[in-house]
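Take a look at the letters that make up each chain.
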Amino acid sequence: MESYPNAQATKAIIEQLVKIPSPTGYTTEAISFVENYLRQLGVETKRNRKGGLIATVKGENDNKHRFLTAHVDTLGAMVKEVKDNGRLKIQRIGGFPFNYIEGEYCTIHMSNNNSISGTILMHQTAVHVYHKSSSLERSEDNIEIRIDAEVHNANDTRALGIEVGDFISFEPRVEITDNGFIKSRHLDDKASVGILLQVIKQIEAENIKLPHTTHFLFSNNEEIGYGGNSNITPETVEYLAVDMGAIGDGQLTDEYTVSICVKDSSGPYHYGLRNHLVKIAKQHDISYKLDIYPYYQSDASAAIQSGNDIIHGLIGPGIDASHAFERTHESSLIHTEKLIYHYIQTKIIDI
């Protein structure tokens, strides 16, 4: 136990995950990665019809279940229009302003299974031509993709196999620093996916019999609002979403502790479960922060809104610059991992 959690191992799997393109709607490769990882551990898995993956660890009590979720889908885009100049107009997948992706390298994933690189730019980027480029609105009308191919018109672009509806992923630019930071796009929510995989691996390695049958859903539609609102067993009592903690003015969440959300835009999370998580953190010297995320909803929120009769909660590592160039520290990853590890070994709370 002294060597667990292992920060280097957790960061290594997160690095692998963020490098797999998986904008919402294009998540098969990421789900397959998780599926293969769990199969090597001998964990039972199945895919739901939405394309997510459910892993189940049998517990001593099979009448009351736990359900944890993290999501592999990320922000991204789709080809909205092939423009007359051969460049691409895009439409966003997920919630972020266009200036968050301006200047970013990207990949266009074509329906023929080929891909091609490009750069996301303002149409009016050249300052020697467009004098007021800095003051123009970053919008769907002005942002375009410059394809890394010789194209002069729409026909040239279509000849490459590019068409409306092709998915676009953003270069993650992942980097792990010597002093414990990991910075990358898509830490939302691949940091949490990596954490759950590490927890499951440790449970299996120690041959721990959990007190309750526990399901782990790796969802693939969270960024558009409905990743974890289904496939919840009738026996499920507690549902814990593991997603990023939001950092900013007025927030307590930071990059060095686990964030326990008490309320988001959907309303308060379950008071009893929140207190249970705090008790576990105190018992095991886990650094935590209680916080409210005013412009946020999780898969646990979606599950409640879908009418599921569950106790719901939300925790996660603190992620700076959410939906942009994100960053967290290994200490936040480790505190989150420890809290989950100890939580799933406790009995479901009395209500």
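As shown above, the structure is provided for reference.
I will try to describe carefully the structure that is included in this document. (Residues numbered from 1 in each chain as written. Predicted model: local features only at pLDDT ≥ 70, side-chain atom pairs only at ≥ 80, totals over all residues. Heavy atoms only, no water.)

1. Here's the deal with the packing of aromatic side chains
Part 1: Scanning the model with the defined rule gives six aromatic pairs in all.
Part 2: Seen from their ring centres, tyrosine 26 and phenylalanine 167 are 5.5 Å apart, and the 35 degrees between their planes marks the pair as tilted. Here tyrosine 26 is found in the loop between helix H1 (7-18) and helix H2 (28-40), whereas its partner phenylalanine 167 is found in strand S9 (residues 167-170), with 141 residues between them in sequence.
Part 3: Residue tyrosine 26 is classed as partly exposed on the basis of its relative accessible area, which comes to 32%.
Part 4: Classification of phenylalanine 167 by relative accessible area gives buried; the value is 17%.
Part 5: Look at phenylalanine 96 and phenylalanine 170: their rings are 5.8 Å apart centre to centre, the planes differ by 85 degrees, and that puts the pair in the edge-to-face class. Here phenylalanine 96, found in the loop between strand S5 (88-93) and strand S6 (105-109), pairs with phenylalanine 170, found in strand S9; they are 74 residues apart in sequence, far enough to count as distant. Across this residue pair, the class does not change: phenylalanine 96 and phenylalanine 170 are buried.
Part 6: We note arginine 185 situated over the ring of phenylalanine 325; from NZ or CZ to the ring centre the distance is 4.2 Å.
Part 7: Above the face of the phenylalanine 181 ring, arginine 327 is positioned so that its terminal group lies 3.9 Å from the ring centre. (Phe/Tyr/Trp six-rings, centres within 6.5 Å; stacked < 30°, edge-to-face > 60°. Helix = DSSP H or I, 4+ residues; strand = E, 2+ residues; numbered from the N terminus. Buried < 20%, exposed > 50% of the residue type's maximum accessible area, 1.4 Å probe, protein only. Lys NZ or Arg CZ within 6 Å of the ring centre and 35° of its normal.)

2. With respect to H1
Part 1: Under the 1.5 Å per step criterion, the end-to-end length of H1 is 17 Å for twelve residues, consistent within 8% with the ideal 16 Å.
Part 2: In this fold, the buried residues of H1 make contact with H2, strand S10 (175-176), strand S11 (181-184), helix H4 (187-205) and helix H7 (330-343).
Part 3: The backbone nitrogen of glutamine 8 has a side-chain oxygen 3.0 Å away, supplied by the residue at the start of H1, namely asparagine 6. (Expected span 1.5 Å × (residues − 1). Contact = heavy atoms within 4.5 Å. Polar contact = N/O pair within 3.5 Å; in protein donor to acceptor, adjacent residues only side chain to side chain.)

3. Here's the deal with the sheet that holds S10
Part 1: Strand order in the open sheet formed by three strands is S10-S11-S19, with antiparallel pairing between adjacent strands. Of all the strands in the sheet, just S10 and strand S19 (326-329) have a single pairing partner and so form its edges.
Part 2: Bridging between S11 and S19 involves four bridges; their strand directions are antiparallel. Across the sheet, the residue bridging to phenylalanine 181 is histidine 329, located in S19.
Part 3: Taken strand by strand, H1 contacts S10 and S11, and its axis lies near 5 degrees from that of S11. (Pairing = 2+ DSSP bridges. Axes fitted to C-alpha atoms, helices over the stretch in contact; angles between N-to-C directions.)

4. A short note on the pattern of salt bridges
Part 1: A full pass over the atoms with the stated rule returns 15 salt bridges.
Part 2: Linking arginine 173 and glutamate 104 is a salt bridge whose minimum nitrogen-to-oxygen distance equals 3.3 Å. Placement of the pair is arginine 173 in the loop between S9 and S10 and glutamate 104 in the loop between S5 and S6, with a sequence separation of 69 residues.
Part 3: Between arginine 158 and glutamate 163 there is a salt bridge, with the nearest N and O atoms lying 2.8 Å from each other.
Part 4: Among the residues examined, glutamate 163 registers a relative accessible area of 31% and is labelled partly exposed.
Part 5: Where salt bridges share partners, they join Glu35, Arg39 and Arg47 into one cluster. (Salt bridge = Lys/Arg side-chain N within 4 Å of Asp/Glu carboxyl O.)

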